[in-house]
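A look at the structure
Okay, here's what each chain looks like letter by letter:
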Number of protein chains: 2
Amino acid sequence: MTAHYSEASKVLMISTSKIHGSEYMSYILDEVLDFIGDAPEILFIPYARPGGISFEEYTGYPQKALTGTGVRVKGIQDFADPKEAIAQAKAIFVGGGNTFLLLKTLYELDLMEPLRQAVTAGTPYMGSSAGSNITGISIGTTNDMPIVYPPSFEALGFVPFNINPHYLDPDPQSKHQGETRATRINEFHFQNQQAVIGLREGSWLRLEAGKLYLKGRHSAPLFEVGKDLRELAPGEVSFLLRS
Amino acid sequence: MTAHYSEASKVLMISTSKIHGSEYMSYILDEVLDFIGDAPEILFIPYARPGGISFEEYTGYPQKALTGTGVRVKGIQDFADPKEAIAQAKAIFVGGGNTFLLLKTLYELDLMEPLRQAVTAGTPYMGSSAGSNITGISIGTTNDMPIVYPPSFEALGFVPFNINPHYLDPDPQSKHQGETRATRINEFHFQNQQAVIGLREGSWLRLEAGKLYLKGRHSAPLFEVGKDLRELAPGEVSFLLRS
């Protein structure tokens with residue numbers, strides 16, 4: 001297990017905040033409310049957003065999704081001291097966008113260790129897309145473009161494997177010569193040892209009380225060095241914590 | 001124009017080494033032979049290959065493609081001194097694979113400056129996929145996974161813009177929530193200023209005698225900060241050298 005894990009760690013790793021034809025977070029709202037328990041407020045971290053809308057506007061997405069649930073959402077940009085905001089948070093949600101930009105910003109603001117301290121002490125952490133990618137050992141299996149240069153690819157390491165969100169199965173009809181997602185992950189394994197789990201849209205992982213579950217509507221492909229690709233069915237997958 | 005350009009620069013930037021249903025390089029062979037002129041030998045640089053086959057085996061691909069043309073292909077791995085191999089090369093071909101691995105290897109072997117010196121002195125340079133991506137200002141518009149951490153994203157800068165090889169148009173039928181290629185390039189432009197040209201499979205750029213041409217079977221999308229997306233028709237696009 002990684003150094004950034006404890007029996008108290010609570011982590012929800014979501015492939016995508018939206019599935020086709022539904023509103024932001026609506027498909028996962030019940031899971032989110034169950035996951036955060038009685039936390040009255042979520043600290044939202046919008047740093048993955050590369051532009052187009054402001055951090056305030058982006059924070060409005062989960063605020064709207066949680067309207068009527070009794071749970072407030074506050075953006076980290078509204079706190080004078082983001083480290084203190086993380087230390088005091090009742091629950092943390094890191095939204096999607098560009099993984100390189102997210103990681104670079106967390107390093108620049110010196111927030112990696114505060115996040116690790118909060119989460120190993122038991123603060124529930126939810127991440128979607130880029131926000132779930134950074135819960136792994138590295139960002140080496142992101143799908144994003146490297147639009148900025150982070151000081152490292154090392155991620156939060158809440159789990160001892162890597163995540164590929166928005167996992168896409170190869171299209172057998174495709175005439176495109178670019179690498180498939182599975183080919184890219186196999187290439188990752190020529191240079192890296194950790195297992196990689198692909199999370200299809202509508203899937204998520206939940207870590208709590210030292211147990212890990214695959215949840216949602218899909219099975220998930222597990223890529224391991226020197227082993228055949230296999231599909232994990234929804235259910236307990238705690239063996240991945242000992243990988 | 002960038003600092004790594006001269007009127008003598010000859011650069012062939014190819015989207016892909018293979019198009020659907022044809023052998024390696026076959027669709028572009030006439031262009032390659034015309035481009036290298038009377039060079040009797042090509043130096044092949046296989047460093048982008050992340051594994052699966054050896055550098056020797058990979059070098060066999062262009063060797064086979066050029067069989068019967070009178071042009072020899074030698075892999076850089078067969079030279080005791082790769083810097084000297086580049087300095088002495090009659091023509092250079094950098095093959096595709098993983099762009100992060102390619103760039104990291106070139107930095108580690110201290111081959112970025114030797115490549116710039118050779119190309120600005122007139123040695124013809126061909127790149128396919130990752131090998132064309134690194135001819136731009138940065139690798140910030142690669143499609144590849146960041147399987148290794150290079151010391152910089154700065155690329156060779158033979159042209160003053162960025163390239164997105166294997167450009168893919170959005171699929172209007174898709175239900176996938178991951179970003180489209182165009183969305184990703186627009187996100188790049190929230191953080192970077194240089195123009196980006198998308199090269200569809202079967203397209204290439206040719207720089208020679210201070211002029212730049214888009215060639216092949218497709219138009220090419222041009223992304224510029226603050227301007228509407230537009231399609232460039234095949235033909236002279238030298239205005240991009242002054243961007």
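If you're wondering where the values come from, they're calculated on a predicted model, not measured in any experiment.

Observations regarding the overall build of chain A
- When helices and strands are tallied, chain A shows seven helices and twelve strands.
- Relative to the 2.2 N^0.38 estimate, which gives 18 Å for 243 residues, the radius of gyration of chain A is 17 Å and therefore close to what a compact globule would have.
- Along the first, second and third principal axes, the C-alpha set of chain A runs to 45 × 40 × 35 Å.
- Looking at the 243 residues of chain A, the share that counts as buried comes to 60%.
- Here the analysis covers contacts within chain A between residues at least 6 apart in sequence; of these, 69% occur between residues at least 24 apart.
- A gap of 3 Å separates the mean positions of the 21 positive and 27 negative side-chain charges of chain A.

Here's the deal with the confidence of the model for chain A
- Of the residues in chain A, 100% have a pLDDT of 70 or more, and the chain-wide mean is 95.
- Interface scoring of the predicted complex returns ipTM 0.94; its pTM is 0.95.

Description of the relation of the copies chain B and chain A
- Relative to chain A, chain B is turned by 180° and slid 0.0 Å along the rotation axis, the superposed coordinates differing by an RMSD of 0.0 Å. Look at the turn and shift together and you get a two-fold axis relating the two.

Re the side chain of Asn192(B)
- If you trace the backbone, Asn192(B) turns up in the loop between helix H7 (181-191) and strand E7 (196-200).
- Looking at Asn192(B), the relative accessible area reads 17%, which means it is buried.
- Side-chain polar atoms of Asn192(B) contact the backbone oxygen of Ile147(A), separated by 2.9 Å.
- Beyond its immediate sequence surroundings of up to four residues, Asn192(B) is in contact with Ile147(A) and Val225(B).

Details of the sheet that holds strand E3 (residues 72-75) of chain A
All names here are of chain A.
- Strand order in the open sheet formed by eight strands is E3-E2-E4-E5-E1-E8-E9-E12, with mixed pairing between adjacent strands. Each edge of the sheet is formed by a strand with only one pairing partner; in this case those strands are E3 and strand E12 (235-236).
- Pairing of strand E9 (residues 211-216) with E12, which is carried by two bridges, proceeds in the antiparallel orientation. Bridge pairing in E12 links Leu214 to Gly235.
- Against the sheet, helix H1 (residues 29-36) makes contact with strand E1 (11-14), strand E2 (41-45), strand E5 (125-128), strand E8 (203-208) and E9, and its axis sits at roughly 10° relative to E8, the strand it touches most.

Topic: the interface of chain B and chain A
- Opposite the 44 residues of chain B that make contact, chain A presents 44 residues.
- Approximately 3600 Å² of surface area, both sides summed, lies buried where chain B meets chain A, with 60% of it carried by carbon and sulfur atoms.
- Sorting the residues of chain B by area buried against chain A places Met145(B), Tyr149(B) and Gln177(B) first, and these three jointly supply 20% of that buried surface.
- Across the pair Asp144(A) and Arg184(B) runs a salt bridge whose closest N-O atoms are separated by 3.4 Å.
- Where chain B touches chain A, the interface holds 13 residue pairs in polar contact (both at pLDDT 80 or more).
- Elements with a contribution of two residues or more to the side of chain B that touches chain A: helix H4 (99-108), strand E6 (162-167) and H7 of chain B.
- Per-element accounting of the side of chain B that touches chain A gives the leading share, seven residues, to H7(B).
- Tallied by class, residues from the side of chain B that touches chain A come to 18 nonpolar, 18 polar and eight charged.

Remarks on H7(B)
- Here H7(B) has its buried residues at Arg181(B), Ala182(B), Arg184(B), Ile185(B), Glu187(B), Phe188(B) and His189(B).
- Where H7(B) is buried, its residues contact E6, E7 and strand E10 (220-223) of chain B.

Focus on the layout of surface pockets
- Reported here for the largest pocket is a volume of approximately 1100 Å³.
- The wall of the largest pocket is formed by 31 residues, among which Leu168(A), Arg181(A), Leu168(B), His176(B) and Arg181(B) lie closest to the centre.
- If you list the elements that add at least two residues to the lining of the largest pocket, you get helix H7 (181-191) of chain A together with H7 of chain B.
- Grouping the constituent residues of the lining of the largest pocket by class yields six nonpolar, 13 polar and twelve charged.
- Of the pockets and cavities examined, the second largest pocket occupies roughly 660 Å³.

Let's talk about the sheet that holds strand E9 (residues 211-216) of chain B
Residues and elements named next belong to chain B.
- The eight strands lie next to each other as E3-E2-E4-E5-E1-E8-E9-E12, forming an open sheet whose pairing is mixed. Looking at which strands have only one partner, the edges of the open sheet turn out to be strand E3 (72-75) and strand E12 (235-236).
- As judged from the three bridges shared by strand E4 (residues 92-94) and strand E5 (residues 125-128), these two strands associate in the parallel manner. Its bridge partner being in E5, Ile92 is matched across the sheet by Tyr125.

As for the pairing of strand E10 (residues 220-223) of chain A
Residues and elements named next belong to chain A.
- Residue alternation in E10 divides its side chains into two sets, Ala220 and Leu222 and Pro221 and Phe223, and both sets are buried.
- With two bridges connecting them, strand E7 (residues 196-200) and E10 associate as antiparallel partners. The residue of E10 that forms the bridge with Ile197 is Leu222.
- The sheet contact formed by E10 and strand E11 (residues 230-232) spans three bridges and is antiparallel. What sits directly across from Leu222, in E11, is Arg230.
- Taking the residues that link successive antiparallel strands as the turn, the E10-E11 hairpin has six residues, and the phi of Gly226 there is positive, at about 75°.

What counts, and where the lines are drawn
Residues numbered from 1 in each chain as written. Chains lettered and ligands numbered in written order. Predicted model: local features only at pLDDT ≥ 70, side-chain atom pairs only at ≥ 80, totals over all residues. Heavy atoms only, no water. Helix = DSSP H or I, 4+ residues; strand = E, 2+ residues; numbered from the N terminus. Rg over C-alpha atoms; globule rule 2.2 N^0.38 Å. Buried < 20%, exposed > 50% of the residue type's maximum accessible area, 1.4 Å probe, protein only. Contact = heavy atoms within 4.5 Å. Lys, Arg positive; Asp, Glu negative; His and termini not counted. Charge placed at Lys NZ, Arg CZ, Asp CG, Glu CD. pLDDT = per-residue confidence, 0-100. Least-squares fit on C-alpha atoms with pLDDT ≥ 70 in both. Polar contact = N/O pair within 3.5 Å; in protein donor to acceptor, adjacent residues only side chain to side chain. Pairing = 2+ DSSP bridges. Axes fitted to C-alpha atoms, helices over the stretch in contact; angles between N-to-C directions. Buried area = accessible area lost by both parts, 1.4 Å probe. Salt bridge = Lys/Arg side-chain N within 4 Å of Asp/Glu carboxyl O. Nonpolar A, V, L, I, M, F, W, Y, C, P; charged D, E, K, R; others polar. 1 Å grid on protein atoms, 1.4 Å probe; cavity = no way out; pocket = protein on both sides within 12 Å on 5 of 7 lines; lining within 4 Å. Points joined across faces, edges and corners; volume = space filled by probe spheres on them.

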